[in-house]
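What follows is the residue order along each chain.
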Amino acid sequence: MPLSIASDPHIGPDAAVPDAAALALRAVHRAAAELRRGTPVLLRGGDQALVLAAAETVGAPGLAELASLVRGTPVLLLAPVRAAAVAPLPILRPVQEDAVALRLPPGLLDPALLRSLADPTADRLPEGTRAERVPAPPLAAAALALAKLGRLLPAVIAAPAREGLPRPDLLSVESADVLAYPAEAATTLRRVAEAAVPLEGAPDARILAFRAADGGIEHLAILIGKPEEVAARGGAPLARLHSECFTGDLLGSLRCDCGPQLRGAIRRMGEAGDGVLIYLAQEGRGIGLVNKLRAYRLQDGGLDTLDANRALGWGADERNFMVAATMLRQIGIERVRLLTNNPEKLASLAACGIGIEGREAHAFAPNGVNDGYLETKARRFGHLLA
Ligand SMILES: Nc1nc2c(ncn2[C@@H]2O[C@H](COP(=O)(O)OP(=O)(O)OP(=O)(O)O)[C@@H](O)[C@H]2O)c(=O)[nH]1
Ligand SMILES: [Zn+2]
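Here is what the cut-offs are and how they apply
Residues numbered from 1 in each chain as written. Chains lettered and ligands numbered in written order. Predicted model: local features only at pLDDT ≥ 70, side-chain atom pairs only at ≥ 80, totals over all residues. UniProt positions renumbered as here; feature names shortened; annotations may be inferred. Helix = DSSP H or I, 4+ residues; strand = E, 2+ residues; numbered from the N terminus. Buried ≥ 20, exposed ≤ 12 C-beta atoms within 10 Å, placed from the backbone. Contact = placed C-beta atoms within 7 Å. Domains from an automatic or database assignment. Pairing = 2+ DSSP bridges. Near = placed C-beta within 6 Å. Nonpolar A, V, L, I, M, F, W, Y, C, P; charged D, E, K, R; others polar. Core = buried A, V, L, I, M, F, W, Y, C linked by C-beta atoms within 7 Å. Axes fitted to C-alpha atoms, helices over the stretch in contact; angles between N-to-C directions. Expected span 1.5 Å × (residues − 1). Parallel < 35°, antiparallel > 145°, perpendicular 65-115°, else oblique. Left-handed = near helix turned anticlockwise from the far one by under 90°.

Concerning the UniProt feature "binding site: GTP" (unreviewed entry) in the protein chain
Link 1 in the chain: The feature "binding site: GTP" (unreviewed entry), as annotated in UniProt, sits at Arg240, Leu241, His242, Ser243, Glu244, Gln261, Glu283, Gly284, Arg285, Thr305, Thr340 and Lys345 in this numbering.
Link 2 in the chain: You can see Gln261 is positioned in helix H9 (residues 258-272).
Link 3 in the chain: A tally of 21 C-beta atoms within 10 Å means that Gln261 is categorised as buried.
Link 4 in the chain: With residues near it in sequence (within four places) discarded, Gln261 still touches His242, His362 and Phe364.
Link 5 in the chain: Judged by local crowding, Thr340 falls into the buried class, with 23 C-beta atoms found within 10 Å.
Link 6 in the chain: Other than its neighbours up to four places away in sequence, Thr340 contacts Lys345, Leu346, Arg359 and His362.

So, in structure tokens, the structure goes:
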């Protein structure tokens, strides 16, 4: 039978015209993908327009394309902590701004140098490289936020767009849409697949996959027993928000406690009979696997897990727990007993409207490698040890 769009009850008469929110998500996701492949994009806000490319991915062709699209000399936008490392201020004063702009000496705009300025784990900066601080252009904060949405280092080369843009091949995105993207994307999460997957220690398990309209990676809910029925009876099921950790969850890395926490939560829910584990595609506390590996390099050089994130230009914890709250609500769970040691997780989930009926400690003994990491989580993130 030929496919008939009109017969699909989910596609109404206006379906050919995506609404403004869908267009905004689409534009941001496409723009982040352009940055990932080293292509310039146009960032607009009010009467301002910046052309930018990611320092980490841009090659010589991308830089030449950028130069043809802008007026003036491009500047390098960096997160303040990274800027302080490559262009220290003469006197120490508190850094207030979201982004710092650096002007590079003429003729020094080459991809390898940009990468060295952006990435504290890349090749050392050539001796005598001088970068001068200049006022950051409008939209600089949104420019860095867009790079971060692409899981790239927050480091972009940027200049005001030349008159007459946009060009048809240049992707354009609104700065307000970039800043609103994480919360907007979370509201569009929908269930797309479900199957029983018996697990060791919890044979009565199902996996539900949730996809957002942004085109991003799916988040998963692992339901053990019938937590939605516990909720329907007025109870608060055991719940765990677990952020993806490729190294710990899959490979059994000893650097962190994620593997034992993941399997321990499943075992505990299996013993209790019911529970829900939200498995968030927010690797490395939201910075992505590539940046987490960079953070590990910095930790091997003496920084702790928090300062390593900051040295890369990221915040200490970049996760968005609105995703978890939306998924829980769609499953029918409004109140939980949360397995966690992290007070920030409790506060964030509560701020997203999920009732916290109690906290269940979820600590595992150090393994001889992750001792410093656990100690840092307690001392600097305020993790509760019992
Ligand atoms: N950036 C960064 N991420 C890390 C590091 N070590 C582990 N992670 C990530 O941290 C996340 C694990 O955090 P969770 O276990 O969900 O949460 P938590 O903040 O430790 O709080 P708990 O609920 O008490 O476990 C995973 O995404 C890991 O990939 C690190 O050194 N740097
Ligand atoms: Zn881990």
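Notes on unusual backbone geometry
Link 1 in the chain: A positive phi angle, close to 55 degrees, is found at Arg151, a residue other than glycine.
Link 2 in the chain: The phi angle at Arg285 is positive, at roughly 55 degrees, despite the residue not being glycine.
Link 3 in the chain: Residue position: Arg285 is located in helix H10 (residues 283-286).
Link 4 in the chain: Taking the C-beta count within 10 Å as the criterion, Arg285 has 21 such neighbours and is therefore assigned buried.

Quick look at the domain arrangement of the protein chain
Link 1 in the chain: We note that the domain assignment places domain 1 (20-181) and domain 2 (188-282 + 319-380) within the protein chain.
Link 2 in the chain: Measuring from the centre of the C-alpha atoms in domain 1 to the corresponding centre in domain 2 gives 35 Å.

Thoughts on the pairing of strand E12 (residues 275-280)
Link 1 in the chain: Among the 6 residues in E12, 6 count as buried, and that is most of the element.
Link 2 in the chain: Residues of E12 alternate between two faces, with Gly275, Leu277 and Tyr279 on one and Val276, Ile278 and Leu280 on the opposite face, all of them buried.
Link 3 in the chain: Bridging between strand E10 (residues 219-224) and E12 involves 5 bridges; their strand directions are antiparallel. When the bridges of E12 are listed, Ile222 appears paired with Leu277.

Overview of the site of ligand 1
Link 1 in the chain: Near ligand 1 lie 22 residues; those nearest to it are Ser243, Cys245, Thr340, Asn341 and Asn342.
Link 2 in the chain: Those elements giving two or more residues to the shell around ligand 1 turn out to be strand E11 (238-243), H9, H10, helix H11 (289-300) and helix H12 (305-311).
Link 3 in the chain: Ranked by residue count, the leading element in the shell around ligand 1 is H10, at 3 residues.
Link 4 in the chain: Class assignment of the residues belonging to the shell around ligand 1 gives a composition of 5 nonpolar, 11 polar and 6 charged.

Re the nonpolar core
Link 1 in the chain: Membership of the largest hydrophobic core comes to 105 residues, with the highest contact counts inside it found for Ala55, Leu76, Leu77, Ala143, Leu146 and Val156.
Link 2 in the chain: Among the elements that line this core, the one with the most residues is helix H5 (residues 140-149), at 8 residues.

Structural notes on the UniProt feature "binding site: Zn(2+)" (unreviewed entry) in the protein chain
Link 1 in the chain: Residues annotated in UniProt with the feature "binding site: Zn(2+)" (unreviewed entry) correspond here to Cys245, Cys256 and Cys258.
Link 2 in the chain: Tracing the sequence through the fold places Cys245 in the loop between E11 and helix H8 (246-250).
Link 3 in the chain: Judged by C-beta crowding, with 23 C-beta atoms within 10 Å, Cys245 ranks as buried.
Link 4 in the chain: Relative to the elements of secondary structure, Cys258 occurs in helix H9.
Link 5 in the chain: Judged by the 21 C-beta atoms lying within 10 Å of it, Cys258 is buried.
Link 6 in the chain: Non-local contacts of Cys258, meaning those with residues more than four positions away in its chain, are made with Cys245, Gly248 and Asp249.

Description of the environment of Cys245
Link 1 in the chain: It is 8.7 Å that separates the C-alpha atoms of Cys245 and Arg285, two residues lying 40 residues apart in sequence.
Link 2 in the chain: The contacts of Cys245, once residues within four sequence positions are left out, are Cys256, Cys258 and Glu283.

Quick look at the sheet that holds E12
Link 1 in the chain: Pairing in this open sheet of 7 strands is mixed, and the strands run E8-E9-E10-E12-E11-E13-E14 from one edge to the other. Edge positions in the open sheet fall to strand E8 (190-196) and strand E14 (355-360), since each of these has one partner strand only. Here the strands of the sheet are splayed against their neighbours by 25 degrees on average, with no regard to which way each runs.
Link 2 in the chain: Relative to E10, strand E9 (residues 205-211) is paired through 6 bridges, and the arrangement is antiparallel. Counted as the bridge partner of Ala209 is Leu220 from E10.
Link 3 in the chain: The strands touched by helix H13 (residues 322-331) within the sheet are E8, E9, E10, E11, E12 and strand E13 (335-339), with E12 carrying the most contacts at an inclination of about 140 degrees.

A few points about H11
Link 1 in the chain: Its 12 residues give H11 an end-to-end C-alpha distance of 16 Å, which sits within 8% of 16 Å, the value for a rise of 1.5 Å per residue.
Link 2 in the chain: Of the surrounding secondary structure, the elements contacted by the buried residues of H11 are H10 and H12.
Link 3 in the chain: Positioned one or two residues after H11, Gly302 has a phi angle of 120 degrees, which is positive.

Regarding the packing of helix H6 (residues 175-187) against H13
Link 1 in the chain: At a minimum axis distance of 9 Å, the contact between H6 and H13 shows a crossing angle of 15 degrees. In terms of orientation, H6 and H13 fall into the roughly parallel class. Between H6 and H13 the crossing geometry is right-handed. From H6, Ala183, Ala186 and Thr187 reach across to H13, where they touch Met322, Val323 and Thr326.
Link 2 in the chain: In the contact of H6 with H13, the residues fall into 4 nonpolar, 2 polar and no charged.

Considering the environment of Leu165
Link 1 in the chain: Mapping Leu165 onto the fold places it in the loop between strand E6 (155-160) and strand E7 (172-174).
Link 2 in the chain: For Leu165, a count of 15 C-beta atoms within 10 Å corresponds to the partly exposed category.
Link 3 in the chain: In the structure, Leu165 is positioned 116 residues away from Ala49 in sequence and 9.0 Å away in space, judged by C-alpha atoms.
Link 4 in the chain: Excluding anything up to four places from it in sequence, Leu165 contacts Leu42, Ala49, Leu69 and Leu170.

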